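Each chain, letter by letter, is given below.
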Amino acid sequence: MKIGIPKEIYRGECRVAATPDTAKHLVKLGFDVLIESGAGKSANFTDDAYIESECKIAPDAPTLWAEADIVLKVRPPQMHPELGKHEAELLNEGNTLIGFIWPAQNPELLEKLAAHKATVLAMDAVPRITRAQKMDALSSMANLAGYRAVIEAANHFGRFFNGQITAAGKVPPAKVLVIGAGVAGLAAISTAKSLGAIVRAFDTRLVVKEQIQSLGAEFLELNFAEDGTGEGGYAKVMSDEFISAEMELFATQAKEIDIIITTALIPGKKAPVLVTQEMVESMKAGSVIVDLAAEQGGNCAVTKPGEIYCYKGVTIVGLTDLPSRMAQQASQLYGINLYHLLKEMGGGDRFKIDLEDEVIRSALVVHDGKITWPPPKKEDKTDKEQMPNSSVKLSPSPSPRVPVSSSPNITASVSPRILASSSVPTSKINKDLWLILIGLALFGIGISAPSDFLSHFSVFVLACFIGWQVIWNVKPALHTPLMSVTNAISGIIIIGGMLQISELSSSPSTILGAIAILIGTINISGGFLVTQRMLRMFQK
């Protein structure tokens, strides 16, 4: 299969969907990679560098779109200024497009892509779950945006970030307030702190408090029991009372803060206004506001999207292309995200759209000309068996309700849950059968085994049950911090196993002890590998 990488035509966009380095990975997956001439120029990637990575160069956009089976883009398709055609019209029928689509904001684009019988995956719709972290392009770009926001603030701020005492006098450290502690917010906190600023942060989600404090910032907390954690880890809309208290806090902080960086967004909604005109006017002359939500209207009431200007002595930075201003790094990270997604889909030899894969199904917005966004809700176990194609709902927008049919065909209007309850599911019978077989096996062991073995075996069974209840029901988002706990448990298991095999006999207790040591060692090794990987992510 051929992958096509066109040149981005959005005004000021410098990123490209594949770098020479990521293109090598795509070639190893079995794809033929076609690059439009000059596609990587703005990110400082030459055509010669792509040729060295075994890519082919297409002379123009029509040639590339005509030959490619899969097109990888950064920005959503739009009207091509040179061709006078919409990029969706260049996509061949039955081909696949992967890129940022923003389906909630672009329903007309979805209709246009569906009309051309295309299959489209939106990188902005990749679910934020543990397994999909390597494909999470939103987090990759937000991380860069948060870093760049601090750099832009430093560029327009008239003092040092860190405090200094010199022969000419004392320079106080800059005070930075970060509103919203998602990926972009945490990146901004880390960068501002590393430059020596006094950093404060606020977020409606109380779960981020420890993350903020671990970066050395002060967490501003309201005395409210309300928590702002929404679906998929995003923030949700808060009550009027909470918002009122929140605005009072920001008004107080604005009078003494030098730099405000806002990152607050609620998916599918206009950015909430958190910094009012009065707050801006109360800030000290020379202060800076960097509004990362400018493209969705802005968190600051006086933000002008895409502009940097001075409002009554306060510099307002409303840039909407912060990741693009670090095009080389942004393209590399985005290219790796795309590589992992294509690898998940089978590579060049076994490429397919797997509707059973919750990551693929969540990102799939158009399939063979049919709009499939938003993805269906994840139902309970019974519903999952009746509807195997259902997936995790990660979009904040509700799935459209299907009206009850007025047709005489009663079955067509009855919900799958009611139909499922009318008969005993096969999986229920299989589950009961397994429980009976396990019970008989345990009963047989209890009759025939010696008393010393039976006492150890009872402890083993209870430990397995407790471990399953404690660990199996933990949310995927907590799996990584849980590694330290499971490593400690495994260490205890290994010690117990070593005590059992000390006599070097062939008794059942010795065999079980050896198995326990093997499994515990595997678990500890895996825990250390995952922990080291996470630590490397935060190393400079």
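Among the secondary structure elements, Thr119 is positioned in strand E6 (residues 119–122). In this structure, Thr119 is in contact with Asn95, Thr96, Leu97, Ile353, Leu364, Val366, His367 and Asp368, ignoring residues within four places of it in sequence.

Of note, the bond from Trp373 into Pro374 is cis; its omega dihedral lies within 30 degrees of zero at 0 degrees. With respect to the element layout, Pro374 can be found in the loop between strand E17 (370–371) and helix H13 (381–386). For Asn44, which is not glycine, the phi torsion reads 65 degrees and is therefore positive. Within the fold, Asn44 resides in the loop between strand E2 (32–36) and helix H2 (47–52).

Before going further, it helps to examine helix H5 (residues 107–115). Every buried residue of H5 is accounted for by Leu109, Leu110, Leu113 and Ala114. Around the axis of H5, the buried residues are gathered within 135 degrees of arc, so they sit on the same side. Facing away from the buried side of H5, by more than 90 degrees, are the exposed residues Glu108, Glu111 and Ala115. Considering only its buried residues, H5 is in contact with helix H4 (87–90), strand E5 (96–99), E6, strand E16 (364–367) and E17. Directly after H5, the chain includes Lys117, whose backbone phi takes a positive value near 55 degrees.

With that settled, the discussion passes to the nonpolar core. Formed by 44 residues in total, the largest nonpolar core has its most connected members in Ile5, Leu72, Ile98, Met123, Tyr334 and Leu342. Within the residue set of this core, elements represented by two or more residues are strand E1 (2–5), helix H1 (20–28), E2, strand E4 (70–72), helix H6 (137–156), helix H11 (327–344) and helix H12 (358–363). Examining the composition of this core, we find that seven residues originate from one element, H11, more than from any other. Contacts of Leu72, omitting those with residues within four sequence positions, involve Ile3, Gly4, Ile5, Pro6, Ala17, Leu26, Ile98, Leu338 and Leu342. Val178, Phe219, Ile259 and Val288 belong to the second largest nonpolar core, which has 31 residues in total.

Glancing now at the sheet that holds strand E10 (residues 198–202). Ordered by their spatial adjacency, seven strands build an open sheet running E11-E10-E9-E12-E13-E15-E14, and the pairing between neighbours is mixed. Every other strand in the sheet has two partners, leaving strand E11 (218–219) and strand E14 (308–311) as the edge strands with one partner each. Pairing of strand E9 (residues 175–179) with strand E12 (residues 259–262), which is carried by four bridges, proceeds in the parallel orientation. Bridge pairing in E12 places Val178 opposite Ile261. Relative to the sheet, H6 contacts E12, strand E13 (288–291), E14 and strand E15 (314–317), its axis offset from that of E13 by approximately 155 degrees. Across the face of the sheet, helix H9 (residues 240–254) comes into contact with E9 and E10 while running at roughly 165 degrees to E10.

What follows concerns a nonpolar patch on the surface. Judged by side-chain polarity, Leu433, Trp434, Ile436, Leu437, Ile438, Leu440, Leu442, Phe460 and Val461 come together as a nonpolar surface patch covering roughly 870 Å² of accessible area. Of all the secondary structure elements, the ones that give two or more residues to the nonpolar patch are helix H16 (426–448) and helix H17 (451–471). Here the nonpolar patch takes seven residues from H16, the largest share from any one element. Structurally, Leu442 can be placed in helix H16. Using a relative accessible area of 36% as the deciding quantity, one classes Leu442 as partly exposed.

What follows concerns the pattern of salt bridges. Close approach of charged atoms lets side chains of opposite charge pair. Enumeration over the complete set of coordinates arrives at 20 salt bridges. Taking the shortest distance from any N to any O, the salt bridge between Glu152 and Arg148 comes out at 3.1 Å. On the criterion of helical spacing, the pair formed by Glu152 and Arg148 is a turn pair, its members being four residues apart in helix H6. Overlapping salt bridges bring together Glu13, Arg15, Arg75 and Glu295 as one network.

Moving on: the packing of H1 against H11. Packed helices, taken two at a time, are described by their axes: the angle between them and the distance between them. Interaxial distance between H1 and H11 falls to 9 Å at its minimum, and their mutual angle equals 10 degrees. Taken together, the axis directions place H1 and H11 in an arrangement best described as roughly parallel. Along the contact surface, H1 presents Asp21, Thr22, His25 and Leu26, while H11 presents Gln332, Gly335, Ile336, Tyr339 and Leu342. For the contact of H1 with H11, the per-class residue count stands at four nonpolar, four polar and one charged.

Take the side chain of Ser331 next. In this fold, Ser331 is placed in helix H11. Judged by relative accessible area, which is 0%, Ser331 ranks as buried. A polar atom in the side chain of Ser331 sits 2.7 Å from the backbone oxygen of Ala327. Not counting chain neighbours up to four residues away, the residues in contact with Ser331 comprise Arg15, Val16, Thr19, Ala43 and Phe45.

Another aspect to go through is the packing of H6 against helix H7 (residues 183–194). Interhelical geometry of H6 versus H7 gives an angle of 35 degrees and a closest axis separation of 7 Å. For the element pair H6 and H7, the recorded crossing hand is right-handed. On the side of H6, the interface is formed by Ser139, Ala142, Asn143, Gly146, Tyr147 and Val150, while H7 contributes Val183, Ala184, Ala187, Ala188, Thr191 and Ala192. Of the residues in the contact of H6 with H7, the class split is eight nonpolar, four polar and no charged.

Reading the values: rules and limits
Residues numbered from 1 in each chain as written. Predicted model: local features only at pLDDT ≥ 70, side-chain atom pairs only at ≥ 80, totals over all residues. Heavy atoms only, no water. Helix = DSSP H or I, 4+ residues; strand = E, 2+ residues; numbered from the N terminus. Contact = heavy atoms within 4.5 Å. Buried < 20%, exposed > 50% of the residue type's maximum accessible area, 1.4 Å probe, protein only. Arc of directions from axis to C-beta. Core = buried A, V, L, I, M, F, W, Y, C linked by side-chain atoms within 4.5 Å. Pairing = 2+ DSSP bridges. Axes fitted to C-alpha atoms, helices over the stretch in contact; angles between N-to-C directions. Patch = residues over 30% accessible without salt bridge, like charges linked within 9 Å, V, L, I, M, F, W, Y side chains within 5 Å. Areas by Shrake-Rupley, 256 points an atom, 1.4 Å probe, with all protein chains shown as cover. Salt bridge = Lys/Arg side-chain N within 4 Å of Asp/Glu carboxyl O. Parallel < 35°, antiparallel > 145°, perpendicular 65-115°, else oblique. Nonpolar A, V, L, I, M, F, W, Y, C, P; charged D, E, K, R; others polar. Polar contact = N/O pair within 3.5 Å; in protein donor to acceptor, adjacent residues only side chain to side chain. Left-handed = near helix turned anticlockwise from the far one by under 90°.

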